[in-house]
Each structure stands twice: as structure tokens, then as C-alpha cells.
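Reading the structure
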Amino acid sequence: MSGLAGSPARSLVVVSAGLGQPSSTRLLADRLAAATERHLEDAGIAPRVTTIELREHAQDLVNQLLTGFAKPGLQAVVDDVLAADGLIAVSPIFSASYSGLFKLFFDVLERDGLAGVPTLLAATGGTARHSLAIEHGLRPLFAYLNSATVATGVYAAAEDWGKAGVTADRGLAERIDRAAAELARSMVAREPQRRPDPFADPVPFEDMLNRPDAHRTDRG
């Protein structure tokens, strides 16, 4: 990456909702991140890649939904996602849709926090029968979040992987590269985000108390 000194940087955040360790979901996430990183470098962009394993924040996600407050570790992860120039979101498919952990995380984001953010959607499953889950599950969710999803989604079934995590299916490798190229182009075409300083314009404590939801007890 030394040849990119002085080039504009972009932050790429990868969200993996795999439950195992290691997991095929993380494996696919890593392949997509590496391919996107390569295409960004080819375009003269220095990528900063951050990978988030949601399994590490599962308990904190439940607590935030119950209390309305995020612990510092979870808040840092949320801030990384909201400040991303590009997002890769990968979920395992359970019962023909994304996992509960995956949905739990995106439920705690601000309504328009991902508006316009270039996003690559991907999923893993046991068989090819769930390959349409990206279109009927993930894509509507991210349309609601107003993110700018790239046209190519990537689904990987168990049989697509060979030994040592090598892609056994040439079609999968081609889809990974095509989707990564689309994401990189979208990131290059968009101005880099500036992470807001939370202390630059603090909300007065009285205003926080007077928010309509400040005294809510019903979170159902």
C-alpha cells in the first residue's frame, strides 16, 4: 500500500453475523473485503478495513434494546458503521432469512444512519436452496435503511467451499470479484465521510430530559 501514500482514504466496514468460530460467514466476509480492498487500491484509494464480529456483541445488543443505552464497546462499533464509506454485510441464512443477531444489530442503528452508504450484501447457507434470501430478505431491509446496495449480492452454500476455505466454485469467485468491483466503484464515486465529533455540539442535559422518548417505559 506504499504506492498509495497521500491518496484519499476510504473506510470499509465489514459486518459478519456468523455464530461459529471460525464460520463460513466470516470466511465469505474476509474474501469480499480482500477483493474490495484490491479494487480500491487499483483505483488509487487507500482503504481502512474494519471487521466486526456481531457474536462478540450479542449480549450488549440485547441489553441496548431493553434499556435504550449502548455500552462503550457496542457504541464504538455502531459509530464505525455509521462513519463507513462502504459497508459489507454478511449473514447466515436461517429459516429462509437473515439471522436474528444480524437483524438485532441493524435495529439499533439510526433510521437514516446508512442513507446513501454503498453496501454489498452477502449470505451463507447450507444449501443453494436459500440463494434467493438476499433478494427477498436482506435487500428489503437495507432498502428500508436507505443504503445504496450494489447490484450483485453474493450467496455461498456449503458446497461452494473447498478445503482450507478455498472457493471450490469458480462462479462464486467471479461473483465475489464482481460485487467487490461494484462496491469499490461506488465508494470511489462518493465523497469520503467525516466522522462527527460527539463533543463538538453537545446536547444540553435539560433537552435530553425533555425528549419525547426520555421517560418511556414501554419498549414493546
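I will try to describe carefully the structure that is included in this document.

Rules used throughout
Residues numbered from 1 in each chain as written. Predicted model: local features only at pLDDT ≥ 70, side-chain atom pairs only at ≥ 80, totals over all residues. Heavy atoms only, no water. Helix = DSSP H or I, 4+ residues; strand = E, 2+ residues; numbered from the N terminus. Buried < 20%, exposed > 50% of the residue type's maximum accessible area, 1.4 Å probe, protein only. Contact = heavy atoms within 4.5 Å. Areas by Shrake-Rupley, 256 points an atom, 1.4 Å probe, with all protein chains shown as cover. Pairing = 2+ DSSP bridges.

1. A word on the overall build of the protein
Scanning the protein from terminus to terminus reveals 7 helices and 7 strands. For the protein, the succession of helices and strands along the chain, N to C, is β-α-β-α-α-β-β-α-β-α-β-β-α-α. Out of the 220 residues belonging to the protein, those deemed buried represent 42%. Counting contacts in the protein only where the partners sit at least 6 residues apart, residues at least 24 apart contribute 79% of the total. A total accessible area of about 11700 Å² is found for the protein, and carbon and sulfur atoms account for 53% of it.

2. Observations concerning the pairing of strand β5 (residues 118–125)
Within β5, 8 of the 8 residues are buried, leaving the element largely enclosed by the surrounding structure. In β5, alternate side chains face the same way, and those of Pro118, Leu120, Ala122 and Thr124 on one face and Thr119, Leu121, Ala123 and Gly125 on the other are all buried. As paired elements, strand β3 (residues 86–94) and β5 share 6 bridges and run parallel to each other. Residue pairing for β5: Val90 is matched across the bridge by Ala122. With 4 bridges joining them, β5 and strand β7 (residues 154–157) adopt parallel strand pairing. Bridge pairing in β7 places Ala123 opposite Tyr155.

3. Comments concerning the environment of Gly20
Structurally, Gly20 can be placed in the loop between β1 (9–16) and α1 (24–42). Residue Gly20 is classed as partly exposed on the basis of its relative accessible area of 31%. Sequence spacing of Gly20 and Arg55 is 35 residues, and the spatial spacing of their C-alpha atoms is 8.4 Å.

4. With respect to the pairing of β3
The buried fraction of β3 is high, at 8 of 9 residues. Pairing between β1 and β3: 5 bridges, direction parallel. By the bridge assignment, Ser16 is partnered in β3 with Val90. Both β3 and strand β4 (residues 97–98) contribute to a ladder of 2 bridges, which runs antiparallel. By the bridge assignment, Phe94 is partnered in β4 with Ser97. Between β3 and β4, which pair antiparallel and follow one another directly, the connecting turn spans 2 residues, one of which, Ser95, has a positive phi of 50°.

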